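Working through the structure, step by step
Below, each chain spelled out in residue letters.
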Amino acid sequence: MNVICIEEKAFYTLLDRVFKYVESKMENDTSDKWMDKKEAMQLLRIKSSTTLQKLRDEGKIRFSQPERKHIVYDRDSINAYLDAHVLEPFN
């Protein structure tokens, strides 16, 4: 096992760089407007592709079909659908 010693200032500078790097990667990952079926099902927390198709057929979520067997889903539409079904706590 190797032990690496660095000054406190260098350590915090390194941490800042790591945090900025991770934040930039997270922004890039979620900035894509369209997602595939697997991602849409994960975001909606459903396991059945039939449920996803039902939401699509009823017009509850937006989708695009650039090719016959290729369907992509609008991330903003799914987030709006989830927000529309939020139940506020009783106060």
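Refer to the preceding data block for the structure.
Below you will find a few notes about this structure. (Residues numbered from 1 in each chain as written. Predicted model: local features only at pLDDT ≥ 70, side-chain atom pairs only at ≥ 80, totals over all residues. Heavy atoms only, no water.)

1. Side note on the pattern of salt bridges
Any two side chains of opposite charge can pair, given that their charged atoms come close. Rules: Whenever a carboxyl oxygen of Asp or Glu lies within 4 Å of a side-chain nitrogen of Lys or Arg, that contact is scored as a salt bridge. Helix numbers and strand numbers start at the N terminus; a helix is a DSSP run of H or I with at least 4 residues, a strand a run of E with at least 2.
All chains considered together, the criterion is met by five salt bridges. Linking Arg62 and Asp74 is a salt bridge whose minimum nitrogen-to-oxygen distance equals 3.1 Å. Taken as a pair, Arg62 in the loop between α3 (49-57) and β2 (63-67) and Asp74 in strand β3 (residues 70-74) lie far apart in primary sequence, twelve residues in all.

2. Describing the side chain of Ser77
Short version of the rule: Any pair of residues with heavy atoms lying within 4.5 Å of one another is described as a contacting pair.
The residue Ser77 is located in helix α4 (residues 75-84) in this model. Beyond its immediate stretch of four places on either side in the chain, Ser77 contacts Lys60, Ile61 and Arg62.

3. Brief notes about the packing of helix α2 (residues 37-44) against α3
So the rule is basically this: A fitted line through C-alpha atoms serves as each axis, taken over the contacting stretch for helices, and the angle formed by two N-to-C directions is quoted from 0 to 180°. Note on terminology: angles under 35 degrees are roughly parallel, angles over 145 are roughly antiparallel, angles of 65 to 115 are roughly perpendicular, and the others are oblique. Polar here means any residue other than Ala, Val, Leu, Ile, Met, Phe, Trp, Tyr, Cys and Pro, which are nonpolar, and Asp, Glu, Lys and Arg, which are charged; Gly is therefore polar.
Relative to each other, α2 and α3 sit at 90°, their axes nearing to 10 Å. With respect to α3, the element α2 is oriented roughly perpendicular. Of the residues in α3, those in contact with Lys37, Ala40, Met41 and Leu44 of α2 are Ser49, Leu52 and Leu55. Among the residues forming the contact of α2 with α3, the class breakdown is five nonpolar, one polar and one charged.

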